[in-house]
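The primary structure of each chain is shown beneath.
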Amino acid sequence: MKTLKTLLVAAMATTALSASAFAQEFTLKLHHFLGPKSPAQTQMLEPWAKSIEEASGGKVKIEIYPSMSLGGAPPELISQVRDGVVDLIWTVNGYTPGLFPRTEVFELPFIHTNDIKATNLAIRAMFDEHLAEEYKGVKVMFLHSHAGQAIQMVKDEVRKPEDLAGKKMRIPTRTGAWVIEALGAAPAAMPVPDIPQAFSKGVVDGALIPWEIIPALKLQDQTEYQVEGHDMTRFGTTIFQVSMNLDKWNSLPEDVQKAFVDNSNEEWLAKAADIWRQIDDGGIKVATDAGNTHIQLTEEETQAFQTVLEPVVDRWVKEVDGKGIDGATLVSKARELISANSAK
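As a starting point, this report considers the structure included with it. Every value quoted in this text rests on a predicted model; they were computed, and no experiment measured them. (Residues numbered from 1 in each chain as written. Predicted model: local features only at pLDDT ≥ 70, side-chain atom pairs only at ≥ 80, totals over all residues. Heavy atoms only, no water.)

**Brief notes about the packing of aromatic side chains**
Here is step 1 of the chain: Within the structure shown, the criterion is met by 13 aromatic pairs.
Here is step 2 of the chain: Arranged with centres 5.7 Å apart and planes meeting at 65 degrees, the rings of Trp-48 and Phe-142 form a pair that is edge-to-face. Of this pair, Trp-48 sits in helix 2 (residues 39–55) while Phe-142 sits in strand 4 (residues 138–145), and the two are 94 residues apart along the sequence.
Here is step 3 of the chain: Judged by relative accessible area, which is 0%, Trp-48 ranks as buried.
Here is step 4 of the chain: Ring centres of Trp-249 and Phe-260 lie 6.2 Å apart, and the angle between their planes is 80 degrees; this geometry places the pair in the edge-to-face category. Linking Trp-249 in helix 8 (residues 246–251) with Phe-260 in helix 9 (residues 254–262), this pair joins segments that are eleven residues apart in sequence. The two residues Trp-249 and Phe-260 agree in class, both being buried. (Phe/Tyr/Trp six-rings, centres within 6.5 Å; stacked < 30°, edge-to-face > 60°. Helix = DSSP H or I, 4+ residues; strand = E, 2+ residues; numbered from the N terminus. Buried < 20%, exposed > 50% of the residue type's maximum accessible area, 1.4 Å probe, protein only.)

Written as structure tokens, this is what we have:
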């Protein structure tokens, strides 16, 4: 009897394992550039992946590979997913300048101001008609913003555009470089992890970057001032994408595709916005708790920055017009949709 019972237990275990293996039909690799404990992974990518795994009835397993652990540098992520080296990526559009010129409209100063949800929903609303052709070779799961670029200074107080004249500032994207140039400062491009060393060695006087990064890089120990516009207005933003290799997408059955679509919808974009707002709020709290000065500009002071930075939008429109892209229409549509979604 004991032998028979042992055999039955073993058989049941084997059957369970076989069923589990059968159910999990698709294992997908998601590659990104931040660390495994970054809020982007723990608070956004992991919950998103889990929601799809559950919605697929266990057919899908998404394995997340942080810190470029599958090789390459962050700017290579988009080619990795297009070439099928990886199945999914989370990346910054601006890491590959010129590749997503239409979507770049949302990076411009005073297009996105302070409402992450409104920007996310506006991008989605514009995608099919205005942006989709930039994403050949991939199936976009979702595009999103973060809280936007603020000004963080090592030791210089900033309350008006002239306060940045002659300063050296780290920039996130080429549009960020244009912002800094318009303010009379010198842009310096560098990866996010290099910022602390650049601050400590005096390579730059400050950075155009959101609050979210403060705890991870301990910027509260190297800066004295965190500056943003009235009502949390920022000076441009960064657009991110989560995308899948198109051939991989086309190989998935309809029910699995539906699990991805249903969990990358408007409801998810609103939730992602809340996640990034919470992350950003946590970052500025770390700075102020450490004794840093959080400068929130008045409406009049913010308007002074907008006046100086509006030519950046004109510069962008002129440049993309030369590529056959109707930049003025994109700017008008982006502003219209952000305003409409801000009321939701």
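**Description of the layout of surface pockets**
Here is step 1 of the chain: Here the largest pocket is characterised by a volume of approximately 440 Å³.
Here is step 2 of the chain: Taken together, 27 residues form the lining of the largest pocket, with Phe-33, Leu-34, Val-192, Glu-212 and Ile-213 sitting closest to its centre.
Here is step 3 of the chain: For the lining of the largest pocket, the elements supplying multiple residues, two or more each, are helix 2, strand 3 (88–92), helix 7 (214–217) and helix 10 (266–289). (1 Å grid on protein atoms, 1.4 Å probe; cavity = no way out; pocket = protein on both sides within 12 Å on 5 of 7 lines; lining within 4 Å. Points joined across faces, edges and corners; volume = space filled by probe spheres on them.)

**Description of unusual backbone geometry**
Here is step 1 of the chain: Although it is not a glycine, Ser-67 adopts a positive phi angle of roughly 55 degrees.
Here is step 2 of the chain: By the secondary structure assignment, Ser-67 is in the loop between strand 2 (60–65) and helix 3 (77–82).
Here is step 3 of the chain: Of the residues examined, Ser-67 reaches a relative accessible area of 42% and is grouped as partly exposed.
Here is step 4 of the chain: Of note in this structure, Met-232 is not a glycine but carries a positive phi near 65 degrees.
Here is step 5 of the chain: Of note, Met-232 is situated in the loop between strand 9 (225–228) and strand 10 (239–245).
Here is step 6 of the chain: Judged by relative accessible area, which is 29%, Met-232 ranks as partly exposed.

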